[in-house]
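# Examining the three-dimensional arrangement
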Amino acid sequence: MADRLRRGTALAVKEILRIGHPLLRGTADSVTEFNTAALDQLVADMLDTMRYANGAGLAAPQLGVPKRVVIFGCDDNPRYPDAPSVPLTVLINPQIVISDPAPCYAWEGCLSVPGMRGLVPRPRAIRYRARDAAGHPIEAVAEGFHARVVLHECDHLDGMLYPRRVEDLRCFGYEQEMLDLID
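Report follows, based on the coordinates. Since this is a predicted model, take the numbers as computed values, not measurements.

### Let's talk about the overall build of the protein chain
Across its full length, the protein chain holds 4 helices and 6 strands. Going from N to C terminus, the protein chain has its helices and strands arranged as α-α-β-β-β-β-β-α-β-α. Taken against the 2.2 N^0.38 rule, which gives 16 Å for 183 residues, the C-alpha radius of gyration of the protein chain at 16 Å falls within 12% of a compact globule. For the protein chain, the spread of C-alpha atoms along the three principal axes comes to 45 × 35 × 30 Å. Put simply, the protein chain has 183 residues, and 45% of those count as buried.

Take a look at the structure:
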């Protein structure tokens, strides 16, 4: 982002749709064309928006684009100060296989559910396959926070927002009101 500012390129920060919007409840369509200007622009817009909002990830439906595209990456993020580093990654048409289904509970937030957090169970470890923007295959293993971020973003592609995964609604609310639980 700073590099684009130095070069004088304007950032393309887009509006993030919020919970309740119909596009966040639908199933996203597969991407069929790779290495296109439109796909490159979508990924750039997602990256600019995610970074501007201090997100750990973002899915295309959150920007009103019903395509199976997610990005994620986390390094020194003020919203997740204790989170381990997660490499910046673009996944197109991701497929996930649960490799360790043991539930791991952690607090999640979402740019589409601003100011709120919920305690969400997620599988401990996953494997994922996808394509990058050029259409090249990607395969990786993710555990812990990394797996949580991938699963959270991929949920958006199927119209699922994290509040629906909260098992006990006493563990869901506004961050400021729940500081004693979250810490």
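### Regarding the pairing of strand β5 (residues 137-143)
Here strand β4 (residues 113-131) pairs with β5 via 7 bridges, running antiparallel. Across the sheet, Arg127 pairs through a bridge with Val141, a residue of β5. Between β4 and β5, which pair antiparallel in sequence order, lie 5 residues; one of them, Gly135, sits at a positive phi of approximately 95°.

### Looking at the packing of aromatic side chains
Per the stated rule, a full pass over the model turns up 2 aromatic pairs. Ring geometry for Phe72 against Tyr128: centres 6.2 Å apart, planes inclined by 90°, an arrangement best described as edge-to-face. With Phe72 in strand β2 (residues 69-74) and Tyr128 in strand β4, the pair connects residues that are 56 residues apart, well separated along the chain. The class for Phe72 is buried, based on a relative accessible area of 0%. What makes Tyr128 buried here is its relative accessible area of 4%. Look at Tyr162 and Phe172: their rings are 6.1 Å apart centre to centre, the planes differ by 70°, and that puts the pair in the edge-to-face class. Here Phe172 lies in strand β6 (residues 172-174) and Tyr162 lies in the loop between α3 (144-156) and β6, a separation of 10 residues in the sequence. Classification of Phe172 by relative accessible area gives partly exposed; the value is 23%.

### Focus: the side chain of Glu108
Among the structural elements, Glu108 can be located in strand β3 (residues 86-110). Looking at Glu108, the relative accessible area reads 3%, which means it is buried. A polar side-chain atom of Glu108 sits 2.8 Å from a polar atom in the side chain of His152. The residues touching Glu108, leaving out its near neighbours within four places in the chain, are Met116, Arg117, Gly118, Val120, Arg122, Arg148, His152 and Tyr162.

### Observations concerning the nonpolar core
Within the largest apolar cluster, 21 residues are counted, with the highest numbers of intra-cluster contacts made by Phe72, Leu91, Ile126, Tyr128, Phe145 and Val150. At the level of elements, β2, β3, β4, β5 and α3 are the ones that each hand at least two residues to this core. A total of 6 residues in this core trace back to one element, the largest contributor, which is α3.

### Details of the environment of Ala106
Assignment of secondary structure puts Ala106 in strand β3. With 16 residues separating them in the primary sequence, Ala106 and Arg122 have C-alpha atoms 8.1 Å apart.

### A look at helix α2 (residues 37-52)
Taking 1.5 Å as the rise per residue, α2 with 16 residues should run 22 Å; its terminal C-alpha atoms sit 22 Å apart, in good agreement. Residues of α2 that are buried: Leu39, Leu42, Val43, Asp45, Met46, Leu47, Asp48, Thr49 and Met50. Asn54 sits one or two positions beyond α2 and adopts a positive phi of about 60°.

Reading guide: rules and limits
- Residues numbered from 1 in each chain as written.
- Predicted model: local features only at pLDDT ≥ 70, side-chain atom pairs only at ≥ 80, totals over all residues.
- Heavy atoms only, no water.
- Helix = DSSP H or I, 4+ residues; strand = E, 2+ residues; numbered from the N terminus.
- Rg over C-alpha atoms; globule rule 2.2 N^0.38 Å.
- Buried < 20%, exposed > 50% of the residue type's maximum accessible area, 1.4 Å probe, protein only.
- Pairing = 2+ DSSP bridges.
- Phe/Tyr/Trp six-rings, centres within 6.5 Å; stacked < 30°, edge-to-face > 60°.
- Polar contact = N/O pair within 3.5 Å; in protein donor to acceptor, adjacent residues only side chain to side chain.
- Contact = heavy atoms within 4.5 Å.
- Core = buried A, V, L, I, M, F, W, Y, C linked by side-chain atoms within 4.5 Å.
- Expected span 1.5 Å × (residues − 1).

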